[in-house]
Amino acid sequence: MSNATTISAPAGVPFIEITREFDAPVDAVYRAHVEPDLIKQWLGPRGYEMTIDRYDVTSGGGYAYTHVNGDETYRFRGVFHTARENELIIQTFEYEGFPDAVSIESMTFEALEGGRTRLTGRSVYPTQEARDGMVESGMESGVNDGYERLDELLAG
């Protein structure tokens, strides 16, 4: 069963908040966000192939990965500023196709009753234009696809 994803992008402020609950414990949801072999199985839209050049979820670590869909290539990179196991990840996020629009993102992992988890992500962009560009890029379908794939991974 898939839980609903809530995406909020209020008018006039350069941030996005995403909230999603998972029917799995915090340690499993966190592990799926930090282990490269797991993240490759769910991050991004269905049908895209993901290659990871670097994925070091430690305070001061970084990442670089590529999504490929046919002839289309999308490269992403960032730095992990804070990584507290099963609790919090703070990172930067940059899509190389839209350089100079680096966002800072936080993800909090909250344990719920019944061995469930609430994940809350907040992204702050340098400008309203950059935030609006992200919203208009098809981000919502990519986020929903990815979280549905994460549900499947966590259930398996």
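About the cut-offs
- For every chain, the first residue of the written sequence is number 1, and numbering continues from 1 onward in sequence order.
- Local features in a predicted model are, by the rule used here, given only for residues with pLDDT of at least 70; side-chain atom pairs are given and counted only at 80 or more, and totals for whole chains, interfaces and linings are based on all residues.
- Hydrogens are left out, water is left out, and the side-chain values use all remaining heavy atoms of the structure.
- Relative accessibility decides the category of a residue: with a 1.4 Å probe and only protein chains considered, values under 20% of the type maximum give buried, values over 50% give exposed, and everything between is partly exposed.
- Strands are runs of DSSP state E lasting at least 2 residues, helices are runs of H or I lasting at least 4, and numbering of each runs from the N terminus.
- Here, the arc refers to the directions that run from the helix axis to the C-beta atoms.
- We call two residues contacting when some pair of their heavy atoms lies within 4.5 Å.
- Among buried residues, the Ala, Val, Leu, Ile, Met, Phe, Trp, Tyr and Cys ones that are joined through side-chain atoms within 4.5 Å form a nonpolar core.
- Counted as salt bridges are all cases of a side-chain nitrogen of Lys or Arg within 4 Å of a carboxyl oxygen of Asp or Glu.
- Note on pairing: two strands pair once DSSP finds at least 2 bridges between them.
- Every axis in this analysis is a line fitted to C-alpha atoms, fitted for helices over the stretch in contact. Angles between the N-to-C directions lie between 0 and 180 degrees.
- Think of a polar contact as two N or O atoms within 3.5 Å of one another; within protein, one of them needs to be a possible hydrogen donor and the other a possible acceptor, and neighboring residues in sequence only count if both atoms come from side chains.
- Only Phe, Tyr and Trp rings are paired, with Trp represented by its six-membered ring, and only when their centres lie within 6.5 Å; those with planes under 30 degrees apart are stacked, over 60 edge-to-face, the remainder tilted.

*Asks:* Give me the lowdown on helix H3 (residues 128-136), citing residues and values where you can.
*Replies:* Ala130, Arg131 and Met134 are the residues of H3 that are buried. The buried residues of H3 occupy an angular sector of 100 degrees when projected down its axis, which confines them to one face. With respect to the buried face of H3, the exposed residues turned more than 90 degrees away are Glu129 and Glu136. Packing partners of the buried residues in H3 comprise strand S2 (15-22), strand S6 (88-95) and helix H4 (139-155). Where H3 ends, the next residue or the one after it, Gly138, has phi of about 95 degrees, a positive value.

*Asks:* I'd love a proper account of the nonpolar core, names of residues and values included.
*Replies:* Within the largest apolar cluster, 33 residues are counted, with the highest numbers of intra-cluster contacts made by Trp42, Tyr55, Val57, Tyr65, Ile89, Phe109 and Tyr147. At six residues, the largest contribution of residues to this core is made by helix H1 (residues 26-34). Among all residues touching Tyr147, those that are not within four sequence positions of it are Thr5, Ile18, Arg20, Phe22, Trp42 and Leu119.

*Asks:* Outline the pattern of salt bridges, listing residues and values.
*Replies:* Scanning all chains against the criterion turns up 11 salt bridges. Note that Asp151 is salt-bridged to Arg20, the shortest N-O span being 2.7 Å. Remark: Arg20 occurs in strand S2 and Asp151 occurs in helix H4; sequence separation between them is 131 residues. By the burial criterion, Asp151 is buried, and Arg20 matches it. With its nearest N and O atoms 3.2 Å apart, the salt bridge here joins Arg84 to Glu87. Ionic contacts of the salt-bridge type, sharing partners, join the residues Glu21, Asp23, Glu110, Arg116 and Arg118 into one network.

*Asks:* Tell me what's going on with the sheet that holds S6, and back it up with residues and numbers.
*Replies:* The strand order across the open sheet formed by eight strands is S1-S2-S8-S7-S6-S5-S4-S3, and the pairing between neighbours is antiparallel. Strand pairing shows two members of the sheet lacking a second neighbour, strand S1 (5-8) and strand S3 (49-55), which therefore form its edges. The sheet shows a mean angle of 20 degrees between the axes of neighbouring strands, direction not considered. With eight bridges joining them, S2 and strand S8 (residues 116-124) adopt antiparallel strand pairing. Counted as the bridge partner of Arg20 is Leu119 from S8. Packed on one face of the sheet, H1 meets S2, S3, strand S5 (72-84), S6, strand S7 (103-112) and S8 and runs near 155 degrees to S7. Its contacts with the sheet place H4 against S1, S2 and S8, and it is angled at close to 25 degrees to S2.

*Asks:* Account for the side chain of Arg20, with residues named and values stated.
*Replies:* Residue Arg20 is classed as buried on the basis of its relative accessible area, which comes to 1%. One polar contact links Arg20 to Asp151, side chain to side chain, over a distance of 2.7 Å.

*Asks:* Which residues make up the packing of aromatic side chains, and what values go with them?
*Replies:* Under the defined criterion, the tally for this structure stands at 12 aromatic pairs. Taking 5.7 Å as the distance between ring centres and 75 degrees as the angle between the ring planes, the aromatic pair formed by Tyr55 and Phe80 counts as edge-to-face. In this pair, Tyr55 sits in strand S3 while Phe80 sits in strand S5, placing the two residues 25 residues apart along the sequence. We classify Tyr55 as buried; its relative accessible area is 14%. Given the relative accessible area of 0%, Phe80 is considered buried. Site record: aromatic cluster; members linked through ring pairs are Tyr48, Tyr55, Tyr63, Tyr65, Tyr74, Phe76, Phe80, Phe93 and Tyr95.

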